[in-house]
Amino acid sequence: MNISKLNNCYSFGKKALLTCEIKQEPTKNKVQATLYKMDPHNLSDIDDVRYSKQTMCIQSDFSKAIEQRIPNKDFYILRNDKTKEVISCAQTSHHYRPEQISNGFNTITFENPGLSTLIEEMNVNPNYVNGAEPLLAYIVKAAGERFDSTVYTAFDQDELPSLKRAKFTQTKLGEFYIPEKRYSILMDQAEKHSQIEYLV
């Protein structure tokens with residue numbers, strides 16, 4: 001009997017991570033939503049990212065990840081279960097933050113050195129209330145499981161006003177971060193507001 005070898009590059013597509021309830025604007029009606037981790041090697045996921053105006057901030061790097069066999073970034077989409085409208089999306093990466101870096105002229109000292117998750121891009125659909133909260137909750141949950149001591153953002157509060165509400169703090173360098181000791185606070189708050197149920 002011949003047994004063919006499984007192709008290691010086979011892709012199973014988007015992976016459901018959590019379900020939740022999100023309020024719509026301006027009606028405040030609750031809708032069911034699911035957070036997915038997107039696979040850049042799956043045609044359906046490529047279309048989901050490429051053809052939504054809400055995912056424009058992650059489209060460029062998602063396209064680059066299509067060419068890479070082992071992408072170094074994770075891509076997430078929170079989507080309305082009924083209409084398939086994107087509620088929020090994000091792109092993250094995993095890093096080691098040094099204590100200091102020097103360019104020969106200046107030395108920059110960073111707060112919270114060590115393993116960290118960086119939220120590189122995020123967008124929230126204005127047609128929903130607190131659409132970023134379940135997504136942020138999952139990102140800090142994943143960071144905690146990876147033993148990351150912090151989650152940082154590559155953007156400021158003007159781009160995502162809910163950062164303060166989500167317990168992020170601003171450093172002296174102007175970066176927003178949440179330390180590991182506050183992961184559970186953000187997660188508990190999001191679970192209560194959005195009736196989150198983790199699937200993985």
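What you see is a predicted model, and the numbers here were worked out from it, not measured in a lab.

Rules used in this analysis
- Residues numbered from 1 in each chain as written.
- Predicted model: local features only at pLDDT ≥ 70, side-chain atom pairs only at ≥ 80, totals over all residues.
- Heavy atoms only, no water.
- Helix = DSSP H or I, 4+ residues; strand = E, 2+ residues; numbered from the N terminus.
- Rg over C-alpha atoms; globule rule 2.2 N^0.38 Å.
- Buried < 20%, exposed > 50% of the residue type's maximum accessible area, 1.4 Å probe, protein only.
- Areas by Shrake-Rupley, 256 points an atom, 1.4 Å probe, with all protein chains shown as cover.
- Contact = heavy atoms within 4.5 Å.
- Polar contact = N/O pair within 3.5 Å; in protein donor to acceptor, adjacent residues only side chain to side chain.
- 1 Å grid on protein atoms, 1.4 Å probe; cavity = no way out; pocket = protein on both sides within 12 Å on 5 of 7 lines; lining within 4 Å.
- Points joined across faces, edges and corners; volume = space filled by probe spheres on them.
- Nonpolar A, V, L, I, M, F, W, Y, C, P; charged D, E, K, R; others polar.
- Pairing = 2+ DSSP bridges.
- Salt bridge = Lys/Arg side-chain N within 4 Å of Asp/Glu carboxyl O.
- Phe/Tyr/Trp six-rings, centres within 6.5 Å; stacked < 30°, edge-to-face > 60°.
- Lys NZ or Arg CZ within 6 Å of the ring centre and 35° of its normal.

Enquirer: Just to check I follow, could you spell out the overall build of the protein for this structure?
Expert: Helix and strand content of the protein: four helices and 12 strands. For a compact globule of 200 residues, the expected C-alpha radius of gyration is about 16 Å, and the protein comes in at 18 Å, within 12% of that figure. The dimensions of the protein, computed from C-alpha atoms along their principal axes, are 60 × 50 × 30 Å. The proportion of buried residues among the 200 residues of the protein is 43%. For the protein, the exposed surface amounts to about 11,400 Å²; the carbon and sulfur share of it is 51%.

Enquirer: Explanation requested: the environment of Thr169 in the structure shown.
Expert: Note that Thr169 resides in strand S10 (residues 169-170). Each residue touching Thr169, except ones within four places of it in the same chain, is listed here: Glu175, Phe176, Tyr177 and Arg182. A distance of 2.4 Å separates a polar atom in the side chain of Thr169 from a polar atom in the side chain of Arg182.

Enquirer: Explain empty space enclosed by the protein here, please?
Expert: Scanning the model with the defined rule gives one cavity of 30 Å³ or more in all. As for the largest cavity, its lining consists of Asn130, Ala132, Glu133, Leu136, Ser162, Arg165, Ala166 and Gln189. Looking at the lining of the largest cavity residue by residue, the classes come out as three nonpolar, three polar and two charged.

Enquirer: Just checking my understanding: could you explain the pairing of strand S3 (residues 73-80) for this structure?
Expert: The side chains of a regular strand alternate, first on one face of the sheet and then on the other. Judged by how many residues are buried, S3 sits mostly within the fold: seven of eight residues are covered. Note: strand S2 (residues 30-38) against S3, six bridges, orientation antiparallel. Bridge pairing in S3 links Met38 to Phe75. Relative to strand S4 (residues 86-97), S3 is paired through seven bridges, and the arrangement is antiparallel. Looking across to S4, one finds that Arg79 is bridged to Val86. As consecutive antiparallel partners, S3 and S4 are separated by five residues, and within that stretch Lys84 has a phi angle of approximately 70°, a positive value.

Enquirer: Explain the pattern of salt bridges here, please?
Expert: When the charged atoms of two side chains lie near each other, side chains of opposite charge can form a pair. According to the stated counting rule, one finds 10 salt bridges in the structure shown. One salt bridge connects Arg79 with Asp48, and the closest N-O pair in it is separated by 3.1 Å. Here Arg79 is found in strand S3, whereas its partner Asp48 is found in helix H1 (residues 43-50), with 31 residues between them in sequence. Salt-bridge contacts for Glu120 lead to Lys73; the nearest nitrogen and oxygen are separated by 2.9 Å. Here Glu120, found in strand S7 (residues 114-124), pairs with Lys73, found in strand S3; they are 47 residues apart in sequence, far enough to count as distant.

Enquirer: Would you mind showing me how to read the packing of aromatic side chains here?
Expert: The description of two aromatic rings rests on the distance between their centres and on the angle between their planes. All chains considered together, the criterion is met by three aromatic pairs. Geometrically, the ring pair formed by Phe62 and Phe75 is edge-to-face, given 5.0 Å between the ring centres and 85° between the ring planes. With Phe62 in helix H2 (residues 56-67) and Phe75 in strand S3, the pair connects residues that are 13 residues apart, well separated along the chain. Its relative accessible area of 2% is what places Phe62 among the buried residues. The ring of Tyr36 has Lys14 sitting right over it, with the charged end atom 5.9 Å from the ring centre. A cation sits over an aromatic face here: Lys141 above Tyr198, 5.1 Å from the ring centre.

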